[in-house]
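Coordinate inspection notes
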Amino acid sequence: MEEVFFNSGETRGEIVKNIKAGNILVDDKIVKPSYVLKEGEKITVELKEKAQKLAANRKIKVEIIHQDKNMVVINKPAGLSVHPISFEEKDTLVNFLLGKFPEIENVNDGSAGSQFRPGIVHRLDRDTSGVIVVARNQKTFDALKKIFQDREVSKKYVAIVFGKLEEKSGVIEKPLARSTGYEKQVIAHKRTKTKVRPAITEYAVLGESENYSLVEVLPKTGRTHQIRIHLTSIGHPIVGDKLYTMKVNDKAKTAARQLLHAKELEFKLFRRKYAFQAEIPTDFREFADSLDLNVIKR
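**Focus: the overall build of the protein**
In terms of regular secondary structure, the protein is built from 5 helices and 15 strands. Whereas a compact globule of 298 residues would reach a radius of gyration of roughly 19 Å, the protein reaches 26 Å, over 25% beyond that. C-alpha atoms of the protein, sized along the principal axes, occupy 90 × 45 × 35 Å. Expressed as a percentage of its 298 residues, the buried residues of the protein come to 44%. Long-range contacts, defined here as pairs at least 24 residues apart, represent 64% of the contacts in the protein between residues at least 6 apart.

**With respect to the sheet that holds strand S8 (residues 176-178)**
Spatially, the 3 strands line up as an open sheet ordered S9-S8-S10, and their pairing is antiparallel. Unpaired on one side and paired on the other, strand S9 (185-187) and strand S10 (196-197) mark the two borders of the sheet. Sheet analysis places S8 next to S9, joined by 3 bridges and oriented antiparallel. Bridge assignment links Leu 176 to a residue of S9, and that residue is Ile 187. Of the strands in this sheet, S8 and S9 touch helix H4 (residues 226-233), which is tilted by about 40° from S9.

**Points about empty space enclosed by the protein**
Under the criterion given, the structure shown has 1 cavity of 30 Å³ or more. Lining the largest cavity are Asp 109, Ser 114, Arg 117, Ile 120, Phe 141 and Lys 145. Looking at the lining of the largest cavity residue by residue, the classes come out as 2 nonpolar, 1 polar and 3 charged.

**A short note on the packing of aromatic side chains**
We describe a pair of aromatic rings using the distance from one ring centre to the other and the angle between the two ring planes. Applying the stated criterion to the full structure yields 6 aromatic pairs. Their ring planes at 80° and their centres at 6.0 Å tell us that Tyr 212 and Phe 287 sit as a pair that is edge-to-face. Taken together, the residues span a long stretch of sequence, with Tyr 212 in strand S12 (residues 212-219) and Phe 287 in helix H5 (residues 282-290) at a distance of 75 residues. In this structure, Tyr 212 and Phe 287 share a single accessibility class: buried.

**Examining helix H2 (residues 93-100)**
In terms of residue burial, H2 counts as a mostly covered element, since 7 of its 8 residues are buried. Along H2, the residues classified as buried are Leu 93, Val 94, Asn 95, Phe 96, Leu 97, Leu 98 and Gly 99. In the core, the buried residues of H2 are packed alongside strand S3 (63-67), strand S4 (71-76) and strand S5 (129-135).

**Notes on the layout of surface pockets**
Computed from the structure, the largest pocket encloses a volume of approximately 1,600 Å³. For the largest pocket, the lining is made up of 46 residues, of which Arg 123, Gly 222, Arg 223, Thr 224 and His 225 are closest to its centre. Every element with two or more residues in the lining of the largest pocket is listed here: helix H3 (138-149), strand S6 (154-162), S8, S12 and H4. Considering every element that reaches the lining of the largest pocket, the biggest residue donor is H3, with 4 residues. Class assignment of the residues belonging to the lining of the largest pocket gives a composition of 16 nonpolar, 14 polar and 16 charged.

**What about the pairing of strand S13 (residues 260-269)?**
In terms of burial, S13 is a largely internal element, 7 of the 10 residues being buried. Pairing of S5 with S13 involves 2 bridges; the strand directions are parallel. In the strand pairing of S13, Gly 130 is matched with Ala 262. Taken together, the 6 bridges between S6 and S13 define a ladder with antiparallel strand orientation. Residue pairing for S13: Tyr 157 is matched across the bridge by Ala 262. Relative to strand S14 (residues 272-277), S13 runs antiparallel, the two sharing 6 bridges. Across the sheet, Leu 265 pairs through a bridge with Phe 276, a residue of S14. Between S13 and S14, which pair antiparallel in sequence order, lie 2 residues; one of them, Phe 270, sits at a positive phi of approximately 50°.

Definitions and limits used
- Residues numbered from 1 in each chain as written.
- Predicted model: local features only at pLDDT ≥ 70, side-chain atom pairs only at ≥ 80, totals over all residues.
- Heavy atoms only, no water.
- Helix = DSSP H or I, 4+ residues; strand = E, 2+ residues; numbered from the N terminus.
- Rg over C-alpha atoms; globule rule 2.2 N^0.38 Å.
- Buried < 20%, exposed > 50% of the residue type's maximum accessible area, 1.4 Å probe, protein only.
- Contact = heavy atoms within 4.5 Å.
- Pairing = 2+ DSSP bridges.
- Axes fitted to C-alpha atoms, helices over the stretch in contact; angles between N-to-C directions.
- 1 Å grid on protein atoms, 1.4 Å probe; cavity = no way out; pocket = protein on both sides within 12 Å on 5 of 7 lines; lining within 4 Å.
- Points joined across faces, edges and corners; volume = space filled by probe spheres on them.
- Nonpolar A, V, L, I, M, F, W, Y, C, P; charged D, E, K, R; others polar.
- Phe/Tyr/Trp six-rings, centres within 6.5 Å; stacked < 30°, edge-to-face > 60°.

Functional significance is not addressed by these values, which are geometric in nature.
Below is the structure:
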């Protein structure tokens, strides 16, 4: 009897599973894995393509602020992307989460690309640090998603911006839209051709020096790059923001990344109130200390 070899890269165990699943037939019939082939019998192989999986990576170092059966809360470091955009990427927050909390693998909303965002209900930019909450099961995912969509979450950020703000507190209410090149967001105008979304940001100056201000920011909507664009729109871009920074004083020093930190997150989930804080990272704190910022008295 002639031996049959498979060149699909399947292991012996996987071939057995495919025989049991009916993906390997003998004369168009399902047989047992122990079946002995007879001369002249026709073998039909319809091996299904292996489903690709995101890589788990427990080597990434992140601070876990809180974890329970429903969620995990992370203090995301700057420089770490929240999720990959391809199966080849291995160095994102999601890759870390899959290594430590593998149950999140299929927790998503089923939208396009959602397989790359398991458990993720909101995001922070790659170079923004701070608190982010991740769902560990579908029930929690759906509940958190609705809470964020309904704006029932209190978010508080701190940022270091260029210049002194004339108004020490205020509200920036300017709609946002994608730029025509889709590389970034812009303030929407009458002639804007891409989809326009309302955006509201409250702010208050905490401290200031000659060329900089430390600002507390409370976004009331959750648009992409909202805080960065809104602060730039009033003439005070975030220090280190390479995408939205306007031309500033050549003598002003900048930072390696945008100095924006998600400091606090509060919400109510399953009839319980939660409040989480993420410690301000060293690079942000050291830059602020070097400016001798004078605290604004209220």
